[in-house]
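Working through the structure, step by step
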Amino acid sequence: MPTKRACTACHRVKCRCVFSQETQSKCDRCIRLGIDCVPHVSRQGKRKPKAEKLTHDTESCHASVSQDQTMDKAASLRSGSNLHVRANLFTQSEAGKLRTTSQSQEAPSSSPTLHQCRDLQLSLHKDLASIRETRLSTPPMASNTTLERAASTTRHQQGDSGKNRSLSDTSIPLRQWINHACNFDGTSHNSPQYLECCLRIAVSLSKRISDAEELSCGSLPIDMANWAKFVAVKLRESDIDHLCGQDGHSASQNASDNLDLLESWLDDICEENETDTLSFHNGCFYNVDFADFFAYDTKLIEKSAEYVSSQDQRQRIYALGLVFYELFSGGRLPPPDVLPCSVPQDTGATHESYGVLNLSDLNLAKLDDSNEVSRNEFDRRKKEPEPQAPLLSCIELLKGIGLPYRLCDLLFSMLDCINGDLSGDDAYMNMSEVTSDLQLMIDKPLKFLHDPDVVTISAVGLQLKQISLPRDREFTSLQDAYNRSTEGSSEFAIIAGGSGTGKSYLAFQLGRHITSCGGIFLSVKFNQLTQTNPLSALVMAFNQYCNIFTEMKDSDWVKSIATKLRGALGQDANYLIKVIPKLSEILDCEAPDAALDQDCVNGLHKIHYLLIRFVEVISSCSKVTVTLHLDDLQWADSFSLSVLEQILKMPEEDKRFFFIGCYRADEMVQSHPFMKIVDSSGAFGISLTLIHLDCMDKDTVNTTTKGNILFFSRLLISLNTEGLLNLSLGRCRWVWDEEQIQSRKLPHDVASFFSHNIRTLSPQVQSALQVLSCLGSADEIELSILESNLSLEVVNSLKVAVEEGFVSKEDRLYHFSHDKIHQAAYEMAQVEDRRLEHLQYGICLLKFLDGTADVTGMLFTAVGQINLAGPSVVTDQRHYIEFAAHNLMACKKAMGMSEYTAASAYAKNGILFIKEDNPWRVHYTICLNLFELAIKCMLVLGDFDSLTKLSDEVYRNARSLEDKLGTLFAVMTSLAYTSKITDSIDMGLSILSQLGHEMPISSTLNDIMPLVKQTLQDLDVHDNVLLSYKKTTDTRHLMAMKCLAKLEMTTAMVDSLLHPIVTCKMIKLTIDYGLSPTAPVGFAYFAGILLKQGEMLAGFRFAKLAMQMLDQVGSKEFAGDVILRSTQVLCFHLPLLSVNEYPVQGQEVALAVGDVSFACGLKLVYCVTMFWAGSNLLTVKNVSAKDSRYMKGQNHLTTYNCLILLYHSILALVGEPINEEVMEDQLTNPFQRITYYFQRMYLSFLLNIDDELRHRAEEFFEFRKVYECKISIWYAMHEFYGGLVSFFMYRETGDTVWLDRGKQCKSALRLWAEHGSSWNFAQKLYLLEAEEHYCQTNLLAAQESYESAISSSRLHKFVNDEALACELAGYFYLQVGMLAASREHLECAHEKYIKWGAMRKVYKIFDFLQQTFECNSANSGTIMMKGHNRDQVL
C-alpha cells in the first residue's frame, strides 16, 4: 500500500513508496532494484554554482540537433526498439544537451528546459514499464532520426572509406563534446588526456578527407568556414555496452535483465541535472573512437574532377585548420579577421615563413627525447614574406594558453594555406601531409609533440645520447629471436654493418628491453689496436655474471650454485679460477700459482671443457635467459671464438644463453674464424637472425657525413658548441645560420673529424687520450702507476674526456666511447713516437711488477706494450734479454690459461728480442725454453710449417738428447695429426732407438705369440704387487713411455704385427723401471690382445687392472684411452647395459683433461653398446644424433663417420628418411670402411633385401681378409651377423664357402659364450646353431635351438635378439609346413619389433602375415593406429 513518505528511488520517479506487506523494511521498488531503501532528503536551495560560460558561443553545437530529434528518439524508445540504441541516444545526446544547458548562463531557447527533461524522464519510465510487460516481444524498428539518415547517406557515399565507421547512436556533435570534455571533473583544455583525444579526432578527420580525395568519391559540407558544426564524435561503447549488452543475439535478454538498473541510472541523470553537475558514466567522453562529418541532405556536394585541384586542397586544409583551432583551444574561435564569412579565392598573396637551415643532414634526425624537434620544423627551408598579423596573433594566443609549440606550428601552416601556393615546402600541399604529422604526434609525443626543456638545454647545450635511424623492424626481429631463446630455441642474432651505423646501439636497445623484463644482459667488446690480455673479453663477461652472484652470496640460491659448481668442476675449479678470477668469490678458493703439468695439446681442450661445464651449471640454475652481446667480432681472438662455438653447439636443454654478435661487414672476410662458425651453425640446429644496417640514404643526408650516424651526431654537437646551431627561447625551437655552416670547412671522414675535435681540447686532456690510446683500455691502477713515474696528469684529464663524451668509464676501467675515436687519438702521434711511448709505458709497468705478484694481469699489458714498440726502438742492449725473459714469463702464464694464440705471440716476440750474433751460446736456457714453448703452441694451433722451422733450429743448437726430446715428441705428434701415420711411427721408433730401446723393424705372427706368452708369465704375480710398483722419475724412461703410448694408437690403426710388440715393450719397461702416467695404457691394450688370442680370463683381469692403475699413477692424462680399451674388453665379460657406465665416466674424465679424441671414442662406444643391447631405438637415435653433432663440431671424423653409419641404420629401422648418405670415398681409414661394409650387409639382411644381400656380404668378407676389426663389441657383432648371413647364403646358393664362414663365426661365439659372458652371447650362439642345423636339414635340432635362442633372449632382456629369433623361427616353421607355429612366432616377432621401435620391420612382417595367412594380426591393428605413415616407412 502507498505511504506518505518517499525514498530516494521513488522520489526520482515522483511517486510514493509502496509496501505490499506491512512487515517490509524496504519498499517494493527498492526490493525490485536490489538497493537500500533510504529516505529522500530534499536538496532545494543547496544547488552547486553554475559553471562559468565558455568563451565561444555554444548555440551552434545545438543547431544541428533540434527538439524534434529529441522527440524522435523518445518515440523510438516508446516503440520498443533496441534498448542499447535508445539508452545511448538519450544518454549521449539529450543528456549531454541538458548538461550544456545547465552550464550556460544564457540557455538557448531551442534547448529543453528542466520541466521538459522531467517529462522526458517520465515518458521513459512509462516506456520501460511497457517493455518490461512485453519482455521486448515487439520486433525492433528502424530509427528514422535525421542524424541517422544523414549518417547513413554519408556512409553510402563514402564507399569503402567509410566501412566500419558508423556514426549513429554513440555520436555527439563536436562542439557539444568539447563543452563536456573540457569541463569534466574540471579538466583543462591542454591536459594530456584532452590532447590525446583531440589528436585522435584530428587524425580521423584528416584521414577522412585524405581518403575522399584519393578515391574521388564521397561528400563534404559546402560551408568550409563552419565545418565544425558538421562534425560528430563517435564514442566507444563501454559502460553502456556493459549495462545493456553488446552482442546482438543477447541484447534483448541483457536489456530485459537490466531494465531496473537502467531505470535507476536514468533517474540518476535527472537527479544530477537538478544539481547542475551532470557527468557521464566513468568519463565516457574521453573514450573517443573517431570523428566524422554528418550533414543534412541540402548541405551535400558531389565531388568532381576539379574538386581535387591544388586550390581546393588548400581550402580544405584551411577549413579543417579552423576546426582544429576550435578543437585544440577548448572551444575558442579565431578572431573575425582570420575567420572569413566565405572561403576566399586565391589572391596570390605571399608571406614570410620561418627561416630554416639548409643542412639536409637534419631531416630525419632523432635527437634525445629532451631536445628532439618535429619533422615539420626541420622541413621548413625557405624564407617567405611576413605572414598576416591576425593569424600570428591568434597562434600566439594558443601558445599563451599552454598549447605545445609544435601543435601551434601545425595549425599555423594549415590556416596559412589559404594565402596561396607558397614557394618551398613551408605550407601543406595536401591533406595526407597533415595526417602524417598528426600521427607522428600520437605515436611519439616526446619527440614530435611536447616542447623541449629550453631552460636546461640552454644551460648545457645540445646533448645527444644516441642518434639512430628508425630500426623498428630490426628491433622486432631481435626481440622475436630473444623470445624464442627463452622458450628453449638455440638462437644467435648477428648485426652487421659499417662503422657508426648503430649496431651497438641496436643491441643495447634490446638490452634495455631485456633488463626491464627481468633478464640478464652482458656486453663485451673486442679490441684491435692492442695485444689484449688472453680471454679478456670473455673473462669480463663471465666476471660480470659472477658479480651478480656475489651480490647475493649469502642466499640459498647462490650457495646451491656454488655446491653444483664444486661438484661439476672438482679439483679443476682452481684451474678455472685462473681464467675467471671472480669465481673465487663464489667458491671461496684461490687459483694455484703454477700451471698444471699436463700435455699442452690437452690443455686447450681442458679449458674449453671447464668453461662449458661452468656454463652448463649456471644455465641450469639460472631462472632467466642470459644474453651475451659480443661487439666488434671482427677483432675477436681465436680462443674466445672457439669457446663461443662450443657454447653454441651445446644441447638446447643445457643452454640458457642468447648471443648477439656485432661486426663490421667491410672488415669481416669470409675466411675469418667467426664466419666458419656462422656457416656451420645450421648443421647444429642453431637459428640465425641476420640483420644488416646501412647508413642514412643519400636523399636524407649530404655528402659530408655520407650517412654515418656517429659522424652526424658529433657534427651537430660541434655546431652547437660553436654557436652555429642554437635553441631559440622565444620560439622554443632550434635555429641556425645556414651560410656560416656552409662556409665552414668540414673534415672529409669521421677519423679526421675526431682528430680535429680532440685538438680543440686542452694539452693535458690530449696527452691523457694519447696515453689511453696506446693502452687501448686501462684501469685506474695502471694509469696511476704511469702518472707517478712519468709525471703525467692522466686520471683527472680523462674525467674531462668522459664529460666531453670521448671516453667511457665502467667501474674503474677507462675505454674509448667508439673505436673511431680510439683510432683518431692513436693516429695523432707519428709512428716512431708511438713506439717510443709504448716502450716507455711498458718499462714503467714492468718496474712496478718487479718482485710483486701479478694478480691483475698487468704482466700481459706491460709485455704487450714492449712488443708493440718492437726491438728496433730499444737502445740499451741490456734490455734485449730482459724483454725476452718477460715474454717467456708471459708465454708460460698464457699457456697456463690455455690461450695458445697469445702464448705463441709472446714466444715469437721473445725470440725477436734476442739480438746477439750467437744467442744460443750466450743465452742458451732462454732460447731453448722460448723455442720449445713456441713449438708446443704451433702444435696446438696446427701451424705445422712454423713448427718444422722452429724444430730445425732446436735440432741444430740443442746440446743434448734430453733437450731435444720435447721437440722430437712434438714433431712425432704433428705427423700423426696430419695423417702421416707411417712417418709418425718411424719418428717414434727413432726416438726409442736414441733412448736405447731398439724395436724390431719387421715381425711375423710366429714372433708375436712367444712374446705375448713371455709377457704373460712376467705378470704372473698378484695384482697388488703390480699396483705397488714405485713411480719412476727418470726423464728418459718417461719420454720412452710417452713415445710408446703414441705408438700404441698409431700401430693399432695400420700395423697389426708391430702393435703387440709395442704393447709388450710398455709392460716390460713398467716392470723394469716402475709406474709412469702412461703405464695403464700398456695394460689396457694388452688385455685386448689376450682376448683376441682366446685368453678370456687373463684379458678380463688386465682390463680391470688398467683402470685401477689410473688411480695409482695419479694422472688422468691418458684416462680416456685406458677406459676406452678396457671397456671394449669388459663387453665380453659383463652384461652390455652394465658396461655402459664406464663410457659415461670415461667421457667426463677425458673431457676434464682435454682429451677430445678419446672422449669422442667413448661416446661412440656408448651409442654402439646401447644399440646392440636392444635399447629403444628412439632413445638410441636421440643420443646418437646429439653425440654425432658433438663429434662433427670437434672435427673428429674418424668417430663421426662410424657413428653416422650406425645412426643411418637406426633411421632405416624406425622408418625415417636419411637426408645424406655416407659415400665410400668419404671414409679415410680401414676401421671406417669395415664399419661401412658391415652396416650395409646388416640392413640388407634384417630388412630382407635379398637381391642386395649377396653383393654386400661378399664386400664385407673380402675386406675382412685385409683388415680385421680390433676387439670390440662391434667385432662381436661382425661375427654374429656374419654367421647368420653366411648360413642364409648357403641355403640360397648351396656354396659351401658360405657354410664354412658360418661355422667359423659360430666358433668365435662359442668361445665368448662359454668362457666370457653367457648373458651377452648365449642366445646368439643358439641362433647360429639353429641356422646351421637348418642348413644341414637337422630339423628337430634346429627347432630346439630356435626355442632356446628365444627363451635365452627373453631371459637376458635382449628384445632385438628375441625379435630376430622369433622371425627366423617363423620362417623356419613356415618352410617345414608348421603353419600355426610359423604364424605364432611371426606375430611374436611383430610384437617385439614394436617394443624395440623398429617400425619398418613391423610393417614388413605385417604385410608378410597378410599375404601368407590372409589375416590381420591382433597386434597389428594396434600398431596401425600409432600415427605412422606406413607408405613412407616402407
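Residues numbered from 1 in each chain as written. Predicted model: local features only at pLDDT ≥ 70, side-chain atom pairs only at ≥ 80, totals over all residues. Heavy atoms only, no water.

**A word on the side chain of His-886**
Summarising the element assignment, His-886 is placed in helix α38 (residues 878-896). Assessed through its relative accessible area of 17%, His-886 is described here as buried. Once you skip the residues sitting within four places of it in the chain, His-886 turns out to touch Leu-846 and Val-863. (Helix = DSSP H or I, 4+ residues; strand = E, 2+ residues; numbered from the N terminus. Buried < 20%, exposed > 50% of the residue type's maximum accessible area, 1.4 Å probe, protein only. Contact = heavy atoms within 4.5 Å.)

**Points about the pairing of strand β7 (residues 657-664)**
With eight of eight residues buried, β7 is to be regarded as a mostly interior element. Burial of the side chains of β7 extends over both faces: Phe-657, Phe-659, Gly-661 and Tyr-663 are buried on one face and Phe-658, Ile-660, Cys-662 and Arg-664 on the other. Pairing geometry for strand β6 (residues 626-631) and β7, over five bridges, is parallel. Bridging from a neighbouring strand, Val-626 pairs with Phe-657 of β7. (Pairing = 2+ DSSP bridges.)

**Observations concerning the environment of His-838**
Tracing the backbone through its elements, the reader meets His-838 in helix α36 (residues 831-849). Expressed as a C-alpha distance, the spacing of His-838 and Gly-864, which sit 26 residues apart in the sequence, is 8.6 Å. Non-local contacts of His-838, meaning those with residues more than four positions away in its chain, are made with Cys-774, Tyr-826, Gln-865, Ile-866, Leu-868 and Ala-869.

**Topic: the environment of Phe-931**
Secondary-structure assignment places Phe-931 in helix α41 (residues 924-941). What makes Phe-931 buried here is its relative accessible area of 8%. Considered as a pair, Phe-931 and Leu-950 are 19 residues apart in the sequence and their alpha carbons are 6.5 Å apart. The residues touching Phe-931, leaving out its near neighbours within four places in the chain, are Ile-911, Trp-920, Leu-950, Glu-953 and Val-954.

**Re helix α50 (residues 1096-1113)**
Taking 1.5 Å per residue, 18 residues should reach 26 Å; α50 reaches 26 Å between its end C-alpha atoms and fits that length. If you check which residues of α50 are buried, you get Met-1096, Ala-1098, Gly-1099, Phe-1100, Phe-1102, Ala-1103, Leu-1105, Ala-1106, Met-1107, Met-1109, Leu-1110 and Val-1113. Of the surrounding secondary structure, the elements contacted by the buried residues of α50 are α45 (1005-1018), α46 (1023-1027), α49 (1079-1092), α51 (1119-1130), α53 (1141-1152) and α60 (1296-1315). (Expected span 1.5 Å × (residues − 1).)

**Quick word on the pattern of salt bridges**
Scanning the entire structure with this criterion turns up 32 salt bridges. With a closest N to O distance of 3.0 Å, Glu-491 and Arg-484 form a salt bridge. Two residues, Lys-1181 and Glu-1216, come together in a salt bridge whose shortest N-O distance is 2.9 Å. Placement of the pair is Lys-1181 in helix α55 (residues 1177-1193) and Glu-1216 in the loop between α56 (1197-1214) and α57 (1230-1246), with a sequence separation of 35 residues. (Salt bridge = Lys/Arg side-chain N within 4 Å of Asp/Glu carboxyl O.)

**Digging into the pairing of strand β4 (residues 491-497)**
Among the seven residues in β4, seven count as buried, and that is most of the element. Along β4, one buried face is formed by Glu-491, Ala-493, Ile-495 and Gly-497 and the opposite face, lined by Phe-492, Ile-494 and Ala-496, is buried too. In this sheet, strand β8 (residues 687-693) lies alongside β4 in parallel orientation, the contact comprising seven bridges. Counterpart to Ile-495 in the pairing with β8 is Ile-691. As judged from the six bridges shared by β4 and β7, these two strands associate in the parallel manner. Paired with Ile-495 across the strands is Cys-662, a residue of β7.

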